[in-house]
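# Inside the fold
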4 protein chains.
Amino acid sequence: MSASAKEPRWERRKQDRPQELLAAALELFVERGYAATRLEDVATRAGVSKGTLYLYFDGKESLFKSVVRTNVLPLLDQAEARIEGHAGSSAELLRDLILHWWQSASHSGVVGIAKLMVAESGNFPELARFYHDEVTARGDATVVRVLERGMARGEFRRVDADAMKKVIVAPLIMLMLWEQSLAPCAATPIDPQAYLESMIDLCLNGLKA
Amino acid sequence: MSASAKEPRWERRKQDRPQELLAAALELFVERGYAATRLEDVATRAGVSKGTLYLYFDGKESLFKSVVRTNVLPLLDQAEARIEGHAGSSAELLRDLILHWWQSASHSGVVGIAKLMVAESGNFPELARFYHDEVTARGDATVVRVLERGMARGEFRRVDADAMKKVIVAPLIMLMLWEQSLAPCAATPIDPQAYLESMIDLCLNGLKA
Amino acid sequence: MSASAKEPRWERRKQDRPQELLAAALELFVERGYAATRLEDVATRAGVSKGTLYLYFDGKESLFKSVVRTNVLPLLDQAEARIEGHAGSSAELLRDLILHWWQSASHSGVVGIAKLMVAESGNFPELARFYHDEVTARGDATVVRVLERGMARGEFRRVDADAMKKVIVAPLIMLMLWEQSLAPCAATPIDPQAYLESMIDLCLNGLKA
Amino acid sequence: MSASAKEPRWERRKQDRPQELLAAALELFVERGYAATRLEDVATRAGVSKGTLYLYFDGKESLFKSVVRTNVLPLLDQAEARIEGHAGSSAELLRDLILHWWQSASHSGVVGIAKLMVAESGNFPELARFYHDEVTARGDATVVRVLERGMARGEFRRVDADAMKKVIVAPLIMLMLWEQSLAPCAATPIDPQAYLESMIDLCLNGLKA
DNA sequence: CATGAATGAGGCTTCATTCAT
DNA sequence: TATGAATGAAGCCTCATTCAT
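Residues numbered from 1 in each chain as written. Chains lettered and ligands numbered in written order. Predicted model: local features only at pLDDT ≥ 70, side-chain atom pairs only at ≥ 80, totals over all residues. Heavy atoms only, no water.

## Here we look at the relation of the copies chain B and chain A
Between chain B and chain A, which share one sequence, the superposing operator has a rotation angle of 179° and an axial displacement of 0.1 Å; the RMSD is 0.3 Å. Both copies are brought into coincidence by an operation consistent with a two-fold rotation axis. No C-alpha of chain B lies nearer the rotation axis than that of B:Gly206, which sits 1.9 Å from it. Of the interface residues in chain B, 100% have counterparts in chain A that sit at the interface too, so the contact is made through matching surfaces. (Least-squares fit on C-alpha atoms with pLDDT ≥ 70 in both. Contact = heavy atoms within 4.5 Å.)

So, in structure tokens, the structure goes:
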């Protein structure tokens with residue numbers, strides 16, 4: 001990993017430890033699920049010992065929460081920023097948001113987080129609430145904004161934005177879940193680009209005035 | 001403890017045991033996830049002792065697989081049967097399939113199975129493969145059939161059926177996942193009927209020729 | 001331990017387990033202190049495995065509390081019973097109580113409990129309160145009763161019974177503590193009989209009217 | 001963190017470190033017991049880092065032994081010095097010794113040491129032996145001297161000094177133990193002055209010729 | 001001298017699984 | 001068949017101790 005010339009028995013890198021541990025934890029939580037992930041494996045993958053993990057996190061649950069929060073929040077900020085600056089048609093905006101969400105998500109740990117939340121929110125009600133408030137609600141609001149923008153400008157036909165927002169978001173989330181859980185076992189894996197094009201195609205045709 | 005000579009009312013017959021265990025296991029697996037479900041709780045909920053469970057299943061993993069297989073297959077049979085007898089428009093057929101799928105799924109334990117598969121397919125590759133082959137593939141094929149029927153009859157515009165099938169199925173699966181995992185914590189829970197209407201609305205508008 | 005003819009891999013003795021575990025735990029807690037006692041050693045000494053202990057006790061703390069309560073309460077009942085039936089002089093009564101307390105205590109686990117309570121009551125405030133209420137208070141009250149009886153009958157001179165009760169009880173407790181902790185290392189161990197005679201001698205001479 | 005160039009007011013000198021560590025350790029050992037005391041807390045309370053502790057002590061056990069030895073010896077020297085200069089009656093001497101012992105003990109950390117020795121002597125046999133030789137034996141000898149002085153001068157009646165010494169010392173030790181462990185939870189805490197007066201009262205009346 | 005990040009052995013606890021009855 | 005007491009491997013977490021800086 002770190003290609004320093006000489007490695008002493010251990011190197012002082014307090015600054016880097018949390019990120020390294022979070023990265024390792026994300027990988028393993030996504031790969032194996034919460035319960036099946038052993039903290040020792042997380043530590044090992046981060047290149048430290050079991051005890052070191054406890055210098056930075058209170059325990060497994062705390063680590064899990066940090067993983068979720070750390071990975072999810074930046075992405076949302078990013079997404080919302082895109083909306084502000086958009087000037088073109090609402091169709092363009094929706095397409096842009098979808099494609100960029102996938103772009104960002106698939107290059108970060110967020111694809112895995114989705115699976116984790118589906119799987120573990122039952123066991124972490126407080127995390128589920130956080131996720132709902134900070135992630136789902138914000139995401140939904142974004143879609144509603146786009147829908148209303150489109151309807152106001154006469155670009156989209158009139159629909160029940162509140163119900164429709166969920167329908168529109170669903171294929172995007174499912175794509176993340178498939179990539180993480182079922183797709184690896186599929187004989188014919190999903191082609192994300194074709195999938196997204198079909199999704200956009202369906203949405204824009206389904207919404208157009 | 002309870003050493004009553006004669007069992008009241010209906011005698012609990014041995015041949016019911018597996019079903020009772022599977023039912024209890026489904027509930028608990030869905031409620032708590034695979035790892036957090038204790039076999040003793042499953043046995044207790046089924047009204048038998050821990051040891052008895054091992055008379056019918058090889059262990060936790062075997063029980064889990066049986067739960068998935070048992071609950072998923074009947075639903076698919078059911079769904080496919082509906083297609084055969086359909087004579088009307090393809091739009092009607094699609095609407096019918098969506099609404100009936102939800103009808104059946106939400107009244108069985110299948111809604112929970114979806115969450116389990118997303119969460120655990122990484123830990124049970126062979127189960128994931130089974131699920132893909134027996135469930136996902138069959139479900140996808142069904143949708144493809146409907147799409148192609150619609151296109152062949154000039155009811156639907158031409159789309160990439162292979163990519164579109166996933167897009168269409170996604171909102172249905174997400175509805176199941178939401179109901180099971182994230183929705184319970186949401187301030188404003190989803191209204192399935194409105195959601196499904198929006199979904200059908202979007203799909204039919206998005207597909208119409 | 002149990003000299004049964006043939007020992008199967010394990011023998012069903014649910015009834016006996018708690019007592020066996022409590023006995024083993026008493027020995028080890030007294031010998032090594034609370035923290036230094038490993039539950040695995042307790043289990044082993046009781047002839048069972050680590051996990052079995054958890055079938056009967058919630059954990060280390062619960063086991064500790066049970067040890068204290070189980071061993072202490074019977075002794076107090078016993079002691080109080082002796083007072084009821086006494087008819088002779090108060091000096092005789094005091095002597096009788098002291099000698100019989102030691103008799104009972106030294107043949108039970110109570111000598112060790114005293115050390116445990118001194119050592120651990122700081123860590124178990126609720127146990128300390130229990131011990132104060134159920135043991136210390138009852139013991140003190142007993143001594144007060146004897147003192148007042150003696151003063152009322154003109155056998156003892158007038159003293160501050162409330163302060164004196166503690167002074168009188170102290171050498172008895174110290175004898176228990178010495179036996180358990182420091183005495184084993186002493187070059188010249190204490191002779192309990194001579195000690196008790198001196199104690200009674202001092203008390204009766206110090207109290208006589 | 002705090003990188004101030006000049007240390008305010010009194011500079012913390014290196015030669016104070018051991019005493020500061022010993023003082024902190026005494027407090028914590030007494031408060032929590034040996035096992036429950038974490039060296040990091042000791043260091044923090046002494047205002048140094050964990051590693052620094054190891055510059056002055058070999059480890060936890062070594063620190064503990066030093067705590068006991070350091071705190072106990074001065075008190076004994078002090079006590080013995082008082083005897084030398086006494087000229088009055090033996091009753092006066094005994095009273096003086098008792099009151100001054102408590103005076104000194106209760107203003108130092110020695111009250112806590114008693115509890116520690118009772119609790120831990122089983123785990124530190126060599127420390128127990130030291131304590132017996134250096135503390136108990138010297139204390140006992142002191143009492144014996146007083147008793148023999150009193151008997152020789154016809155002030156005390158003849159008693160078995162060897163057995164009696166322990167009886168006389170016991171209430172003094174118990175007072176220390178009560179203060180440290182059980183008393184804090186008692187509804188009616190002990191009043192040391194009344195207790196000591198009763199003790200002296202009982203002893204002198206019990207011993208007088 | 002002093003620091004504090006890092007280590008890893010060791011203890012408590014859980015629970016899937018076994019098996020004598 | 002059915003039971004449930006018993007097992008023991010495995011994981012989380014703590015903390016005394018080390019050592020590069």
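## Focus on the relation of the copies chain C and chain D
When chain C is fitted to chain D, the best match, at an RMSD of 0.3 Å, comes from turning it 179° and sliding it 0.0 Å along the axis. A shared binding surface is used by both copies, with 100% of the interface residues of chain C retained as interface residues in chain D.

## Observations regarding the environment of A:Gly109
Residues and elements named next belong to chain A. Mapped onto the elements of the fold, glycine 109 is located in the loop between helix H5 (90-106) and helix H6 (110-120). Judged by relative accessible area, which is 13%, glycine 109 ranks as buried. Taking the C-alpha atoms as reference points, glycine 109 and leucine 26, 83 residues apart in sequence, are found 7.0 Å from one another. Not counting residues up to four positions away in its chain, the partners in contact with glycine 109 are Leu26 and Asn71. (Helix = DSSP H or I, 4+ residues; strand = E, 2+ residues; numbered from the N terminus. Buried < 20%, exposed > 50% of the residue type's maximum accessible area, 1.4 Å probe, protein only.)

## Considerations on the arrangement of the chains
No interface is formed between chain A and chain C, the nearest pair of C-alpha atoms being 21 Å apart. Between chain A and chain D there is no contact, and the shortest C-alpha to C-alpha distance separating them is 13 Å.

## Notes on the interface of chain C and chain D
Where the parts come together, the accessible area they lose is often given as the size of the interface. Facing 44 residues of chain C, the contacting portion of chain D comprises 44 residues. Where chain C abuts chain D, roughly 3,800 Å² becomes buried across the two surfaces, and 71% of that area is made up of carbon and sulfur atoms. One can count two salt bridges joining chain C with chain D. Among the ionic pairs, C:Asp201 bridges to D:Arg157, the shortest N-O distance being 3.1 Å. Taken together, chain C and chain D are joined by four residue pairs in polar contact (both at pLDDT 80 or more). Secondary-structure elements contributing two or more residues to the side of chain C that touches chain D are helix H6 (110-120), helix H7 (125-152), helix H8 (161-182) and helix H9 (192-207) of chain C. Residue contributions to the side of chain C that touches chain D peak at 13 residues, all from H8(C). (Buried area = accessible area lost by both parts, 1.4 Å probe. Salt bridge = Lys/Arg side-chain N within 4 Å of Asp/Glu carboxyl O. Polar contact = N/O pair within 3.5 Å; in protein donor to acceptor, adjacent residues only side chain to side chain.)

## Considerations on the environment of B:Asn71
Residue and element names in this part refer to chain B. For asparagine 71, the position within the fold is in helix H4 (residues 60-84). Residues asparagine 71 and arginine 153 lie 82 residues apart in sequence; the distance between their C-alpha atoms is 35 Å. Beyond its immediate stretch of four places on either side in the chain, asparagine 71 contacts Leu26, Val110 and Ile113. A polar contact of 2.7 Å, which involves the side chain of asparagine 71, links it to the backbone oxygen of valine 67.

## Thoughts on the packing of aromatic side chains
All told, the structure shown has 24 aromatic pairs over all chains when counted by the stated rule. Pairing C:Trp178 with C:Tyr195 gives two aromatic rings, centres 6.1 Å apart and planes at 85°, and the pair type is edge-to-face. Highlighted residues: C:Trp178 in helix H8 and C:Tyr195 in helix H9, separated in sequence by 17 residues. By relative accessible area, which is 5% here, C:Trp178 ends up buried. On the accessibility criterion, C:Tyr195 (1% relative accessible area) is buried. Between A:Arg69 and the ring centre of A:Phe130, over which it is positioned, the NZ or CZ distance is 4.3 Å. Here C:Lys60 stacks its cationic end above the ring of C:Tyr34, 4.8 Å away from the centre of that ring. (Phe/Tyr/Trp six-rings, centres within 6.5 Å; stacked < 30°, edge-to-face > 60°. Lys NZ or Arg CZ within 6 Å of the ring centre and 35° of its normal.)

## Digging into the confidence of the model for chain A
Per-residue confidence for chain A gives a mean pLDDT of 90; residues scoring 70 or more make up 91%. Confidence over residues 1-10 of chain A falls short of pLDDT 50; this stretch has three contacts with residues more than four positions distant or in other chains. (pLDDT = per-residue confidence, 0-100.)

## Comments concerning the domain arrangement of chain A
Residues and elements named next belong to chain A. Split by domain assignment, chain A resolves into domain 1 (3-60) and domain 2 (72-207). Put simply, the middle of domain 1 and the middle of domain 2, counted by C-alpha atoms, are 31 Å apart. A per-residue breakdown of the area domain 1 buries against domain 2 is headed by Leu26, Val30 and Tyr34, which together make up 84% of the total. Counting the contacts that link domain 1 with domain 2 gives zero salt bridges. For the pair domain 1 and domain 2, the interface holds two residue pairs in polar contact (both at pLDDT 80 or more). Looking at the side of domain 1 that touches domain 2 residue by residue, the class counts come to four nonpolar, one polar and one charged. (Domains from an automatic or database assignment. Nonpolar A, V, L, I, M, F, W, Y, C, P; charged D, E, K, R; others polar.)

## Quick notes on the nonpolar core
Among the nonpolar cores identified, the biggest contains 144 residues, and A:Leu63 and B:Leu63 are the most heavily contacted of them. Sequence-distant contacts of B:Leu63, defined by excluding residues within four places in its chain, comprise B:Leu22, B:Ala25, B:Phe29, B:Leu39, B:Val42, B:Leu53 and B:Phe57. (Core = buried A, V, L, I, M, F, W, Y, C linked by side-chain atoms within 4.5 Å.)

## Some details on the UniProt feature "DNA-binding region" (unreviewed entry) in chain A
On the UniProt side, "DNA-binding region" (unreviewed entry) is annotated at positions that read residues 38-57 of chain A here. Helix makes up 70% of residues 38-57 of chain A and strand 0%. Its end C-alpha atoms lie 14 Å apart. (UniProt positions renumbered as here; feature names shortened; annotations may be inferred.)

## Thoughts on the packing of helix H5 (residues 90-106) of chain C against H9(C)
All names here are of chain C. The contact between H5 and H9 brings their axes to 11 Å, and the two run at 155°. By the criterion of interaxial angle, the relationship of H5 to H9 is roughly antiparallel. Our pair here, H5 against H9, has a crossing hand that is right-handed. Of H9, the residues touching H5 (which contributes Ala91, Leu94, Arg95, Ile98, Leu99 and Trp102) are Pro192, Gln193, Leu196, Glu197, Met199, Ile200, Cys203, Leu204 and Leu207. Residues that form the contact of H5 with H9 fall into these classes: 12 nonpolar, one polar and two charged. (Axes fitted to C-alpha atoms, helices over the stretch in contact; angles between N-to-C directions. Parallel < 35°, antiparallel > 145°, perpendicular 65-115°, else oblique. Left-handed = near helix turned anticlockwise from the far one by under 90°.)

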